[in-house]
Amino acid sequence: MGKAAMNDLLKKRMTASQQASELQTSDEAYEKRFREAPPPGEVQIRSLPLDKLVPFFTADIGFRPYTSSQMEAFAEQLKEEGLLVRIIVRPMPPGDSYEILAGHNRTSAARLAGWDVIPAEIVEADDARAIVIATSTNLIQRQNLSIIERGKAYRALLDAKNRQGFRSDMMNGTSGDSRQKSGPEHTTATSGENRQKYSARALVAEFFGVTEYEIRKAIKLTLLIPPLQDILETSPKQLNLACADLMADYDMTSQEAFIEICSIEGYQINKAAMQHIVRKCPPPTAERQAVYAAWREARDMAEKRMMAPPTKISFNRNASGLLPIWMTWGATRRLRQCFWSSCESGGRGRQNPENRAAVHKELPPIL
């Protein structure tokens, strides 16, 4: 077998393995999350027209598409090598269009490459399984996801239990209405439901190899309004995670005050200033002018600290209060000699018998 034929064979085997791993991984995530196997359904493989495909709308999973340069490079790769892994879709009633579950970037690159159709794997899936497929494939394969993208994916996974067994495309209302109703801030949970969420969070953390703290932190940051999310993701020097975490405690209207603060060129709000704002304007609600006043006060305090003269530090070498410190270090011969010379040179070279007696009494024997 020639080298080219061998490479083609290896590529086909790798492609088949990766294609199987996408569905297998998502099914494992589903089974881990819901403690049961995904509902059985027929899987079809065929090429679908690109104009029949619609982006995932069942939940806000938050994944950003490739940049224009990345998309152009991907399109060139498709022209040269073809599509290595089929996209995954599910049919939408009445069956003439399909919702993309995995492969949004592949679909966009195919359009850019001038394709009319794209190989697809069609699965029957309710909303819960659709969310698991859409989130798990990205969380595992894309290692450069931002914390906001991960937070939205984790939140969608945790909320998927409430959507198990029905399809949003068969309900009245827009996809935006569905996302809004399924959001955590629109749900009144009982103590039993809270315990269930904590258990689900532990399961999700175990499957993806993260901690529950990381999941809670990422989900909390999704409560930031979109402009602050953009600053956090694109200009982390303007807004760090510690300050963003404190801002997320405020409601959406109150958060608008922080947009201007974080947009000042050459200035980065720090945690001390943010903590001062929180003390002066406790969340969740704060007036914009009150936030600005607290922020200016924090800046003035910081500038005064920087302009203040350095504090002079001095100590009395004859003070017996230093002796216990030497004792904790261990009285080696060299340290004792240095300490003796310091005590005996006190008062411009004059001997100090009282200190000699005190040192002799306090220091442990030479080891």
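Residues numbered from 1 in each chain as written. Predicted model: local features only at pLDDT ≥ 70, side-chain atom pairs only at ≥ 80, totals over all residues. Heavy atoms only, no water.

**Here we look at the overall build of the chain**
Here is the rule: A helix here means a DSSP run of H or I that spans at least four residues, while a strand means a run of E at least two residues long, and both kinds are numbered starting from the N terminus. A contact between two residues is defined here by any heavy atoms of the two lying within 4.5 Å. Reported accessibility uses the Shrake-Rupley method at a 1.4 Å probe radius. Residues are deemed covered only where the shown protein chains occlude them.
Summing up its helical and strand segments, the chain has 16 helices and 5 strands in all. Counting contacts in the chain only where the partners sit at least 6 residues apart, residues at least 24 apart contribute 75% of the total. Carbon and sulfur atoms provide 54% of the accessible area of the chain, an area that totals close to 21300 Å².

**Things to note about the nonpolar core**
Just so we agree on the cut-off: Here, the term nonpolar core denotes a set of buried Ala, Val, Leu, Ile, Met, Phe, Trp, Tyr and Cys residues that are joined through side-chain atoms within 4.5 Å. Relative accessible area decides the class of each residue, using a 1.4 Å probe on protein chains only: under 20% of the type maximum gives buried, over 50% gives exposed, and in between gives partly exposed.
Grouped together as the largest cluster of nonpolar side chains are 34 residues, with contacts concentrated most on Phe 56 and Tyr 154. If you list the elements that add at least two residues to this core, you get helix 1 (3-34), strand 4 (97-102), helix 4 (127-141), helix 5 (147-159), helix 7 (191-208) and helix 8 (212-221). If near-sequence neighbours (up to four positions away) are discounted, Phe 56 is found in contact with Ile 61, Glu 99, Ile 100, Leu 101, His 104, Ala 130, Ile 131 and Ala 134. Among the nonpolar cores identified, the runner-up in size contains 30 residues, and Phe 258, Cys 281, Tyr 292 and Trp 295 belong to it.

**A look at helix 5**
The following threshold applies: Each helix should span, by expectation, one fewer than its residue count multiplied by 1.5 Å.
With 13 residues, helix 5 ought to run about 18 Å at 1.5 Å a step, and its terminal C-alpha atoms sit 18 Å apart, in line with that. All of the buried residues along helix 5 are Ile 148, Glu 149, Arg 150, Gly 151, Lys 152, Ala 153, Tyr 154, Arg 155, Ala 156, Leu 157, Leu 158 and Asp 159.

**With respect to the packing of aromatic side chains**
Heads up, the condition is: Between 30 and 60 degrees the pair is tilted, below 30 it is stacked and above 60 it is edge-to-face, where a pair is any two Phe, Tyr or Trp rings, Trp via its six-membered ring, whose centres lie within 6.5 Å.
Applying the stated criterion to the full structure yields 5 aromatic pairs. Here the aromatic rings of Tyr 66 and Phe 74 are separated by 6.0 Å at their centres, their planes lie at 50°, and the arrangement is tilted. When the centroid spacing of 5.5 Å and the interplanar angle of 55° are considered together, the rings of Tyr 250 and Phe 258 count as tilted. Judged by its relative accessible area of 3%, Tyr 250 falls in the buried class. Relative accessible area serves as the criterion here: at 0%, Phe 258 is assigned to the buried category. Linked through ring pairs, Tyr 154, Phe 207 and Phe 208 together constitute an aromatic cluster.

**What about the sheet that holds strand 3 (residues 87-92)?**
Hydrogen bonding along the main chain pairs the strands of a sheet, whether they run parallel or antiparallel. The cut-off we apply is this: The criterion for strand pairing is that DSSP finds at least two bridges linking the strands in question. The axes are straight lines fitted to the C-alpha atoms, using for helices just the contacting stretch, and the angles between their N-to-C directions are given from 0 to 180°.
Here we have 5 strands laid out as an open sheet, ordered 1-5-3-4-2, and mixed in their pairing. Looking at which strands have only one partner, the edges of the open sheet turn out to be strand 1 (43-49) and strand 2 (53-54). Two strands pair when backbone bridges link them, and strand 2 and strand 4 are joined in this way by 2 bridges, in the parallel orientation. Bridge pairing in strand 4 places Leu 53 opposite Tyr 98. Helix 3 (residues 104-112) rests against strand 2, strand 3, strand 4 and strand 5 (117-123) of the sheet, and its axis sits at about 120° to strand 4.

Bear in mind that shape data such as this cannot, by itself, settle questions of function.
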